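Examining the three-dimensional arrangement
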Amino acid sequence: MRLLVVKFICIALAISACTQPDSGSEEQLDLVVPGGFESVPIPSHNSLTKSKVLLGQQLFFDPILSVDSTVSCATCHIPHKFFSDGQVISQGIKGRSGTRNTPSLINIAYHKLFFWDGGSITLEHQIFGPLQNSTEMGIDLSSAIDRLESNETYRESFQDIFEEPPSLRGLTQSIAAYQRTLLSRGARYDSYRAGDKSALRPAERRGLSLFEGKAGCIHCHNGFLLTSLIFENNGLPISRGDSGRARVTGLREDYGKFKIPSLRNISETAPYMHDGRMVTLSEVIEHYNKGGNDVRGKSALIKPLYLNELERADLEAFLHSLTDSSIYAGLEVL
């Protein structure tokens with residue numbers, strides 16, 4: 001299925017700003033969520049308004065926030081690629097490569113910890129990561145604010161929305177507000193769950209049975225997001241330079257653990273794994289079918305599945321049914 005392009009499209013120094021109440025009196029927007037989805041959680045300090053979302057959209061697509069004005073958030077989170085980028089490892093300023101694959105931002109509003117290692121605690125706080133990372137956007141926060149202050153359009157927008165000049169509060173709240181509107185809908189799997197038994201083909205229905213049964217995928221990929229959002233070691237050899245969740249917690253038992261991704265739109269967001277090492281879904285399935293690799297700390301859930309060739313094909317067919325027919329900003333009220 002083809003993606004319908006989106007129509008509308010706190011670290012310590014910022015904690016006090018993030019907890020301040022919103023300025024202005026614009027009415028809060030209510031997002032229209034797909035059937036079967038929970039209501040989008042909106043923090044009390046960052047209510048959702050039309051003007052704030054549109055400002056966040058503008059900032060998301062503007063390379064002004066990178067040190068050399070060549071990279072925007074949308075460079076690595078491309079709308080027609082389901083807000084991923086199709087690269088093994090993304091490139092930032094000056095062609096520099098990072099260490100991890102870019103995950104999709106679709107339905108990011110429902111996540112509780114951010115990045116592959118859960119190193120950020122809120123969607124607002126997450127924004128500081130790519131801004132300051134030397135391989136991504138590489139700009140210091142004071143320079144970013146200076147640039148926005150020197151831009152008349154942004155200066156006026158911040159004043160209108162937040163009743164103050166460009167600030168870290170306004171920057172993080174507006175981009176986060178925009179990202180919370182990135183919702184998906186229309187997967188054939190959802191139609192099947194809603195009662196349309198013709199929505200899945202026979203091979204896909206067999207694959208669903210395997211997903212929930214013999215293959216045990218549902219232990220980690222469950223709920224309407226098809227992820228538990230916890231951290232697991234899935235049996236991949238881990239490089240010394242990226243210990244995963246252990247980089248954040250410092251705990252030995254978290255070595256090699258990464259956040260379990262959503263399987264929504266999985267057939268459209270290759271390559272796979274935290275470092276993009278697998279190009280195809282069949283590679284991913286084979287990895288789990290053999291029980292992963294013999295690595296330290298591997299989850300007890302990762303063990304040989306003994307799926308035959310037909311079963312592996314059926315499971316892959318089912319994964320294709322998780323592709324959403326549209327990604328939308330949820331702002332039909334506009």
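Residues numbered from 1 in each chain as written. Predicted model: local features only at pLDDT ≥ 70, side-chain atom pairs only at ≥ 80, totals over all residues. Heavy atoms only, no water.

Concerning the overall build of the chain
The number of helices and strands found in the chain is 13 helices and 4 strands. Radius of gyration (C-alpha) of the chain: 20 Å, near the 20 Å computed for a compact globule of 334 residues. Along the first, second and third principal axes, the C-alpha atoms of the chain reach 60 × 45 × 30 Å. For the chain, the exposed area adds up to about 15300 Å²; of that, 52% sits on carbon and sulfur atoms. (Helix = DSSP H or I, 4+ residues; strand = E, 2+ residues; numbered from the N terminus. Rg over C-alpha atoms; globule rule 2.2 N^0.38 Å. Areas by Shrake-Rupley, 256 points an atom, 1.4 Å probe, with all protein chains shown as cover.)

As for the pattern of salt bridges
Inspection of the entire model under this criterion finds 15 salt bridges. Taking the shortest distance from any N to any O, the salt bridge between Arg100 and Asp242 comes out at 2.8 Å. Within this pair, whereas Arg100 is found in the loop between α3 (73–76) and α4 (123–126), its partner Asp242 is found in the loop between β2 (231–232) and α11 (246–249), the two being separated by 142 residues in sequence. For the pair formed by Arg100 and Asp242, the shared burial category is buried. A salt bridge links Arg264 to Asp190; the nearest nitrogen and oxygen atoms lie 2.7 Å apart. (Salt bridge = Lys/Arg side-chain N within 4 Å of Asp/Glu carboxyl O. Buried < 20%, exposed > 50% of the residue type's maximum accessible area, 1.4 Å probe, protein only.)

Things to note about the nonpolar core
Ranked by internal contacts, the top residues of the largest apolar core, which has 49 residues, are Leu59, Phe60, Leu65, Phe83, Leu131, Leu148 and Leu171. Among the elements of the structure, α2 (50–60), α3, α5 (128–132), α6 (141–149), α7 (152–162), α8 (168–179) and β4 (326–328) are those that each provide at least two residues to this core. At 6 residues, α8 tops the list of elements feeding residues into this core. Counting contributing residues per domain, this core is built from domain 1 (2–179) and domain 2 (188–323), each supplying no fewer than three. Once residues lying within four places of it in the same chain are set aside, the contact partners of Leu131 are Leu65, Met137, Gly138, Ile139, Leu141 and Leu171. Counting residues in each nonpolar core, the second largest holds 28 residues, with Trp116, Ala199, Leu226 and Leu315 among its members. (Core = buried A, V, L, I, M, F, W, Y, C linked by side-chain atoms within 4.5 Å. Domains from an automatic or database assignment. Contact = heavy atoms within 4.5 Å.)

Concerning helix α12 (residues 281–289)
For α12, every residue scored as buried is listed here: Leu281, Val284, Ile285, His287 and Asn289. In this fold, the buried residues of α12 make contact with α13 (309–320). One or two positions beyond α12, positive phi appears at Gly291, with a value near 85 degrees.

Side note on the domain arrangement of the chain
Segmentation of the chain into domains returns domain 1 (2–179) and domain 2 (188–323). A C-alpha centroid distance of 28 Å is found between domain 1 and domain 2. Listed per partner, the contact involves 25 residues of domain 1 and 23 residues of domain 2. Carbon and sulfur atoms make up 62% of the surface buried where domain 1 meets domain 2, a total of about 2000 Å² over both sides. When the area that domain 1 buries against domain 2 is broken down by residue, the three leading residues are Phe82, Trp116 and Asp117, summing to 32%. Linking domain 1 to domain 2 there are 1 salt bridge. On inspection of domain 1 and its partner domain 2, the count reaches 7 residue pairs in polar contact (both at pLDDT 80 or more). When the residues that make up the side of domain 1 that touches domain 2 are grouped by side-chain class, the tally is 10 nonpolar, 11 polar and 4 charged. (Buried area = accessible area lost by both parts, 1.4 Å probe. Polar contact = N/O pair within 3.5 Å; in protein donor to acceptor, adjacent residues only side chain to side chain. Nonpolar A, V, L, I, M, F, W, Y, C, P; charged D, E, K, R; others polar.)

A look at the state of the cysteines
Scanning all chains against the criterion turns up 0 disulfides. Unpaired in this structure, Cys76 has its nearest cysteine sulfur neighbour in Cys73, at a distance of 9.0 Å. Judged by relative accessible area, Cys76 falls into the buried class, the value being 15%. (Disulfide = S-S within 2.5 Å.)

Things to note about the packing of α2 against α8
Orientation of α2 relative to α8, taken along the N-to-C sense of each, is 95 degrees, at an axis distance of 7 Å. It follows that α2 is roughly perpendicular to α8 by the angle criterion. Side by side, α2 and α8 meet where Lys52, Val53, Leu55, Gly56, Gln57, Leu59 and Phe60 of the first sit next to Leu171, Gln173, Ser174, Ile175, Ala177, Tyr178 and Gln179 of the second. The residue inventory of the contact of α2 with α8, partitioned by class, reads 8 nonpolar, 5 polar and 1 charged. (Axes fitted to C-alpha atoms, helices over the stretch in contact; angles between N-to-C directions. Parallel < 35°, antiparallel > 145°, perpendicular 65-115°, else oblique.)

Topic: the side chain of Asn289
Following the sequence through the fold, Asn289 ends up in helix α12. A polar side-chain atom of Asn289 sits 2.8 Å from the main-chain amide nitrogen of Leu307.

Observations concerning the confidence of the model for the chain
Scored by pLDDT, the chain has a mean of 90; 91% of the residues are at 70 or more. pLDDT under 50 marks residues 1–20. Its contacts with residues more than four places away, or in other chains, come to 52 contacts. (pLDDT = per-residue confidence, 0-100.)

Quick notes on the packing of helix α10 (residues 202–212) against α13
Remark: α10 packs on α13, axes separated minimally by 7 Å, with the N-to-C direction vectors making an angle of 100 degrees. Taken together, the axes of α10 and α13 are roughly perpendicular relative to one another. On α13, the residues that touch Ala203, Glu204, Arg206, Gly207, Leu208, Leu210 and Phe211 of α10 are Leu310, Glu311, Asp314, Leu315, Ala317, Phe318 and Leu319. Residues of the contact of α10 with α13, tallied by class, amount to 9 nonpolar, 1 polar and 4 charged.

Here we look at the environment of Ala177
Among the structural elements, Ala177 can be located in helix α8. Of the residues examined, Ala177 reaches a relative accessible area of 0% and is grouped as buried. For the pair formed by Ala177 and Pro43, sequence separation is 134 residues and the distance between their alpha carbons is 9.9 Å. Once residues lying within four places of it in the same chain are set aside, the contact partners of Ala177 are Asn46, Leu48, Lys52 and Val53.

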